[in-house]
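Descriptive structure summary
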Amino acid sequence: ELFSFSGWLLANNIVAALISRIPHYVVGRVFGAQALGAYSVGFEISQLAHTELIAPINRAMFPGYSRIVGDAELFRRTWLDANALVARITLPVAVGVAILAGPFVRILLGSNWGEAVPIIQVLSFACIAIALASNTFSAWMALARNYLLTIVWTARLLTMAVAGYATVVVYDLGLLGVAYAEVLGAFGCLLVALPLVSRTLKVSPLSYLLGL
């Protein structure tokens, strides 16, 4: 009984580790150590809205969702309100980080890190999709439907891999190609998650859009 829950968490963590490490591995192997440093710094800064603001909210939401799993209507309303809050925080912060990436990097890191600026600007949009999807992950865990997380994470990994081949190998977009692949993977994850949300939480597309 315990493994039916934790086993899926193990699978999720494996896929999540692949998602987080494969782009850096590709950058290091193909473009070298200097590019890897710029990409790593760009990634960390671009994800600040999620890692510093949304992730703590989701950690608090999980036990909150767990307490109300018996009340489907309250659960649905709470999820919609939390999703709206996540969007309200993430959208302006992520867009602000993208717009101010240049001066932010120059002031805090110095002119030698200029290569990280376009990485930040592209990956900030991945942050929006990841943050919106992450609230759903907390809800699914409270409902003990961790296998849905595995489906969504796997979809993100596959989308990122296919997009990465297209942007880096076929179109030769260089370092930015890896960032574009991450963005496409993040939005692919969100697009797969939304129909599953509609089925599991009985949230209509109109309710979702009105909440946003």
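For the structure itself, look to the data block above.
As a starting point, this report considers the structure included with it. (Residues numbered from 1 in each chain as written. Predicted model: local features only at pLDDT ≥ 70, side-chain atom pairs only at ≥ 80, totals over all residues. Heavy atoms only, no water.)

Time to look at the packing of aromatic side chains. Considering all chains together, one arrives at 5 aromatic pairs under this definition. Taken together, the ring pairs connect Phe137, Trp140 and Trp153 into an aromatic cluster. (Phe/Tyr/Trp six-rings, centres within 6.5 Å; stacked < 30°, edge-to-face > 60°.)

Moving on, we come to empty space enclosed by the protein. Tallied over the full model, the rule gives 1 cavity of 30 Å³ or more. Of the pockets and cavities examined, the largest cavity occupies roughly 30 Å³. Together, Trp79, Asn83, Leu132, Ala133, Thr136, Leu190, Ala193, Leu194, Val197 and Tyr208 line the largest cavity. Only α4 (72-99), α6 (116-142) and α8 (175-200) provide two or more residues apiece to the lining of the largest cavity. In terms of residue count, α8 provides more of the lining of the largest cavity than any other element does, 4 residues in total. Along the lines of polarity and charge, the residues of the lining of the largest cavity split into 8 nonpolar, 2 polar and no charged. (1 Å grid on protein atoms, 1.4 Å probe; cavity = no way out; pocket = protein on both sides within 12 Å on 5 of 7 lines; lining within 4 Å. Points joined across faces, edges and corners; volume = space filled by probe spheres on them. Helix = DSSP H or I, 4+ residues; strand = E, 2+ residues; numbered from the N terminus. Nonpolar A, V, L, I, M, F, W, Y, C, P; charged D, E, K, R; others polar.)

So, about the environment of Leu10. In this structure, Leu10 sits in helix α1 (residues 2-31). Given a relative accessible area of 48%, Leu10 falls into the partly exposed group. Sequence separation of Leu10 and Thr150 is 140 residues, and the distance between their C-alpha atoms is 9.5 Å. (Buried < 20%, exposed > 50% of the residue type's maximum accessible area, 1.4 Å probe, protein only.)

In this structure, the largest pocket occupies an estimated 660 Å³ of space. When contributions to the lining of the largest pocket are tallied by element, the ones reaching two or more residues are α1, α2 (33-46), α3 (48-67), α6 and α7 (146-170). The residue makeup of the lining of the largest pocket, split by class, is 11 nonpolar, 9 polar and 4 charged. In this model, the second largest pocket occupies a volume close to 250 Å³. If you go around the second largest pocket, you meet 14 residues; those closest to its centre are Ile22, Val26, Met160, Ala161 and Gly164. Of all the elements, α7 adds the most residues to the lining of the second largest pocket, at 7 residues. Grouping the constituent residues of the lining of the second largest pocket by class yields 12 nonpolar, 1 polar and 1 charged.

On to helix α5 (residues 101-108), then. Those residues of α5 that sit buried are Ala101, Gly102 and Val105. In a view along the axis of α5, the buried residues occupy a sector of 105 degrees, so they form one face of it. Turned more than 90 degrees away from the buried face of α5, the exposed residues are Ile107 and Leu108. Those residues of α5 hidden inside the fold are in contact with α4 and α6. (Arc of directions from axis to C-beta. Contact = heavy atoms within 4.5 Å.)

Summed over the entire model, instances satisfying the criterion amount to 2 salt bridges. Measuring nitrogen to oxygen at the nearest pair gives 2.4 Å for the salt bridge that ties Arg76 to Glu73. One end of the pair is Arg76 and the other is Glu73, both in helix α4 and 3 residues apart, which spans about a single turn. Glu73 sits in the partly exposed class, given a relative accessible area of 38%. Here Glu73 ties to Arg77 by a salt bridge, and the two come within 3.8 Å at their closest N and O atoms. Taken together, the positions of Glu73 and Arg77, both in helix α4 and 4 residues apart, correspond to about one turn of that helix. Salt bridges sharing partners connect three or more residues here, namely Glu73, Arg76 and Arg77. (Salt bridge = Lys/Arg side-chain N within 4 Å of Asp/Glu carboxyl O.)

Another aspect to go through is the packing of α6 against α7. For the pair α6 and α7, the least separation of the axes is 8 Å and the interaxial angle reads 155 degrees. Taken together, the axes of α6 and α7 are roughly antiparallel relative to one another. Packed against α6, whose contacting residues are Ile130, Phe137, Trp140 and Met141, the element α7 presents Asn146, Leu148, Leu149, Val152, Trp153 and Arg156 at the interface. A per-class count over the contact of α6 with α7 returns 8 nonpolar, 1 polar and 1 charged. (Axes fitted to C-alpha atoms, helices over the stretch in contact; angles between N-to-C directions. Parallel < 35°, antiparallel > 145°, perpendicular 65-115°, else oblique.)

Glancing now at the environment of Phe187. Among the secondary structure elements, Phe187 is positioned in helix α8. For Phe187, a relative accessible area of 34% gives the class partly exposed. Residues Phe187 and Met160, spaced 27 residues apart in sequence, show a C-alpha to C-alpha distance of 9.7 Å. Not counting residues up to four positions away in its chain, the partners in contact with Phe187 are Phe125 and Ala129.

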